[in-house]
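If you want the building blocks of each chain, they are given just below.
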Amino acid sequence: MDKWILIDGNSIVFRAFYAMPPLTNSAGMHTNAVYGFTTMLLKLLEEEKPTHMLVAFDAGKVTFRHEGYEDYKGGRAKTPPELSEQFPVLKDLIRSFGIAQFELPGYEADDIIGTLTRMADERKVETLIVSGDKDMLQLASDHVTIALTRKGVSEVERYNPQEIMDKYGLTPLQIIDLKGLMGDASDNIPGIPGVGEKTALKMLHEYGSVEEVLAHSGELKGKMKEKVAAHEEDARMSKKLATIFREVPLDDEEGVKAYNGYDPAELAEAFHKLEFRSLMERLELPEVGSAGSEAAAEINHNLVSLNDLKTEELEGLLSGASNVYIEAIGDNPHHAELLGLAIPVEDRMLAITAEELLSEAGKPVRQWLGNPDVRKYGYDLHKADLTLHWRGIDLCGTDFDVLLAAYLLDPTESNQTLVYLMQRYQLPAIQSDEAVYGRGAKFRVPEHGILIRHLAAKANAVRELVPLQQKALEDTGMSKLYYELEQPLAIVLAGMEKQGIQVNAGTLEELGSELEQGIARCKNEIYTHAGMEFNIGSPKQLGEVLFEKLGLPAMKKTKTGYSTDADVLERLEPYHGIIPLILQYRTLAKLQSTYVEGLLKEIRRNSGMVHTYYRQTIAATGRLSSQFPNLQNIPIRLEEGRRIRKAFVPSEPGWTILAADYSQIELRVLAHISGDEKLKEAFIADMDIHTKTAMDVFGVSADEVDSNMRRQAKAVNFGIVYGISDFGLSNNLNISRKDAGRFIEQYFEAFPGVRGYMDNIVLQARNDGYVTTLLERRRYLPDIKASNFNLRSFAERTAMNTPIQGTAADIIKLAMVRMDEMLRERKLRSRMLLQVHDELVFEVPGDELELMKTLVPEVMEGALKLDVPLKADVNYGVNWYEAK
DNA sequence: TGCTTCACG
DNA sequence: ACGTACGTGAAGCAC
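Keep in mind that this is a model prediction, so the values were computed, not measured.

Draft legend 1. Local environment of the protein's contact with DNA strand C. With respect to spatial proximity, 35 residues lie near DNA strand C, and among them Ser538, Ser625, Asn630, Arg779 and Phe789 are the closest. Sugar and phosphate atoms represent 59% of those atoms of DNA strand C found within 4 Å of the protein. One of the backbone N or O atoms of Ser626 is found 3.5 Å from a sugar or linking oxygen in DNA strand C. Arg797 has a polar side-chain atom sitting 3.1 Å from a phosphate oxygen of DNA strand C.

Draft legend 2. Spotlight on the environment of Ala554. Along the chain, Ala554 falls in the loop between α26 (539–549) and α27 (566–572). Of the residues examined, Ala554 reaches a relative accessible area of 43% and is grouped as partly exposed. Sequence separation between Ala554 and Gly543 is 11 residues; the distance between their C-alpha atoms is 8.7 Å.

Draft legend 3. Summary view of the sheet that holds strand β24 (residues 872–877). On the basis of which strands lie adjacent, the open sheet formed by four strands has the order β22-β23-β19-β24 and antiparallel pairing. In this open sheet, the two strands that pair with only one neighbour each are β22 (831–835) and β24. Averaged over all adjacent pairs, the angle separating strand axes in this sheet is 25°, with direction ignored. Judged from the six bridges that link them, strand β19 (residues 656–662) and strand β23 (residues 839–844) form a sheet pairing that is antiparallel. Across the sheet, residue Asp661 finds its bridge partner in β23, namely Glu839. The sheet contacts of helix α37 (residues 789–825) involve β19, β22 and β23, and relative to β22 the element is tilted by about 165°.

Draft legend 4. Spotlight on the pattern of salt bridges. A full pass over the atoms with the stated rule returns 46 salt bridges. Measuring nitrogen to oxygen at the nearest pair gives 3.6 Å for the salt bridge that ties Lys680 to Glu677. Residue Lys680 and its partner Glu677 are both found in helix α31 (residues 677–684); the two are separated by three residues, about one turn of the helix. Among the residues examined, Lys680 registers a relative accessible area of 14% and is labelled buried.

Draft legend 5. Quick look at the nonpolar core. The biggest cluster of nonpolar side chains holds 162 residues, and the ones touching the most others in it are Ile644, Tyr662, Leu670, Tyr747, Phe842 and Met852. Sorting elements by how many residues they give to this core places α37 first, with 14 residues. Phe842 has contacts with Thr656, Ile657, Leu658, Met819, Leu823, Arg831, Met832, Leu833, Met852 and Val856, leaving out every residue within four places of it along the chain. In this structure, Phe102, Ala109, Val144 and Ile192 belong to the second largest nonpolar core, which totals 47 residues.

Draft legend 6. Focus on the protein's contact with DNA strand B. Neighbouring DNA strand B are 22 residues, the closest being Thr564, Ala566, Arg586, Ile636 and Asp838. One nitrogen or oxygen atom from the side chain of Thr558 is found 3.0 Å from a phosphate oxygen belonging to DNA strand B. Separating a phosphate oxygen of DNA strand B from a backbone N or O atom of Asp565 is a distance of 3.4 Å. It is helix α28 (residues 578–602) that provides the largest number of residues to the surface near DNA strand B, a total of three residues. Looking at the surface near DNA strand B residue by residue, the class counts come to seven nonpolar, eight polar and seven charged.

About the thresholds
Residues numbered from 1 in each chain as written. Chains lettered and ligands numbered in written order. Predicted model: local features only at pLDDT ≥ 70, side-chain atom pairs only at ≥ 80, totals over all residues. Heavy atoms only, no water. Near = heavy atom within 4 Å. Polar contact = N/O pair within 3.5 Å; in protein donor to acceptor, adjacent residues only side chain to side chain. Helix = DSSP H or I, 4+ residues; strand = E, 2+ residues; numbered from the N terminus. Buried < 20%, exposed > 50% of the residue type's maximum accessible area, 1.4 Å probe, protein only. Pairing = 2+ DSSP bridges. Axes fitted to C-alpha atoms, helices over the stretch in contact; angles between N-to-C directions. Contact = heavy atoms within 4.5 Å. Salt bridge = Lys/Arg side-chain N within 4 Å of Asp/Glu carboxyl O. Core = buried A, V, L, I, M, F, W, Y, C linked by side-chain atoms within 4.5 Å. Nonpolar A, V, L, I, M, F, W, Y, C, P; charged D, E, K, R; others polar.

In structure tokens form, the structure reads like this:
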């Protein structure tokens, strides 16, 4: 038994286009109508198992219907280009399915189908017509069923003559009369004005046809009578236009063709181009192309934009979203340009520009970003948060950040781009930012489609990387570190950065003019000593003056010439009066350029605030770094520079700057992780650790330790923390390598547990290939087995230093997260502003000062329980300088 | 852009 | 024999 299926191509394509959300492939081609059409086709093939199939299309704009009525289909909106571009694609796809298609100039799809169903009736072949057009019902017969699309495209309602009778009380042919009376706005068929479906049905039930209605118009009541009389001709013409022409001249071989199934390879190729990945899976089609090839690199998603979606559709889409990529261009997130964002949801990808995000239509997306209950996965959301903040958009609910995770998984890897991460996890490559945007002066935001696709590719990368990294964190024992420390900290940091710290420009300017005078004086005196003018800031020119013109002994060389660093100059001091002037000049010039001028440039003119950016993914040990400006290297050691700190003031009148710093945190950490009893005792007794070290290294009593001995012991302690070598210590203390070696030996005899730790940690690094902090932060040391002495030695010192510096970093990070919680819980107005590795800076209102003086050190000291107590000292004042 | 120098912990 | 202290960022110079 044959079974024919005849599809009204144009009708179904239009239905599909308006029923489906707007999708595009990664080349920017719209595919939604094709997709909808395809799902309908697949359903038909599966459920109906046709022996013959044909898709009919309208051909050309002018049909025979226009001959009698020029305005046929007039006033119809032009087919949107997003749809018309899909016709050739669809026709190709139908070919790939192995399904016949037909169109004939001058005729519409209905007429072709009408003609074919006439043939089907004659041959008594069971036939199904698929269309969205109710006109088709006129073709129903004992052998012909009409499937009309309902909601969407794949849901249909079937009509045979009986069902048409049940629903309308009409025979199939009376459907033509129905339209003759009603007309059809979409085809510009007039019908009788004022006659809708209800009236038309009533009339037809009464009189049976247009002709009979017109003949009995006199029996109608009131206005209807007039209208029918006035539009007799319209009604007749309308009926004619609505009648499907069933005598299209078709050759026999143009009839319905047998359907023999599709070639999987051919269909796979077509689906691949369209990026219908889910359909490929559904049909279990073969993969196209090989992994790693260009084909595999294509992104399988269907792009959606805002104006393609109704608000409810957008909200529905977002309700299932968790991944996001937000593009912010520029190194400084406080000034970065927001380009756009992409949010993948299942097989769709919402990708929008910053402009769209900020528009009215972007509101649901902004709400989604700001909803703390929606867990979000992204890439560098800390930066995104700041960039969005300055555009008035909140970003909340950050739960996983690919960049932050990549940092924990390998903190020494400087390349943490998505491009690199995709490669590292052997996922399909994505385009580099440089390829899309250009670099430096060549930077350009590309045209919309290219930008959107790049954002989409990155959002897709995020989605693919998240589960892999989550597993990797689990496997390396860093999940807790991630979720309980680093991720919460990122949010705390962003808060501190948004808050900023008040910097008094006037104070800096005053200091600047003082410095200027000092610099001018130095300059003149230096020129006098040198007997010539030159650029003191040029190490090359300075080297020539000192070592050639003045004939001073060159102590060190750099790659490019003489070294003129402070270490060299200090040793040259006895030889020439120019040296202290150069040192002084350097100090003043540094203060002027970096701290006065540099800082002034960073003060926001309207608010007087400075907003630094803490980078959480830079330092290999787990420390933070600070940029734009760096507020972790504001001078303190020399009084001249320390005065810079006077410019750092509270942002509210009557408030106080409060600074708390850990005392000897790294040596306390060393005491804990080495387990050295003597070192632990020293801290438990809260001794001055450098004096204690001097006593043990020099074998003297406390009151015999002079300032020089303490200074040297302090250097030894530093050396221990850094991973000591006799060379390093000898250099630092300006003593012989032998003497330095003796100090070290003495130290290890006094603190044998420390020696044990140092030996052990190096062995451990050699065994595992990495070292860890107390919180399981990891740092890989591939050079630990290097044959190159330098590389190996460096790795060994790093093995000794990283657990110490890194654990100290863990501790203050814990304290920051706890402190942030504490301020919220207690609803305090005090604000945490800065972190400087072992120090936290707050601004505190007067009525909270007493509380904060005890609360801050309590939280800091209680951040992590060690075998030795942690100690934090608190100071406060009207500015950062006074908080000493 | 790389190098040197120097500010901090 | 080798030959650096550990971790950062910013500025200015020279190429």
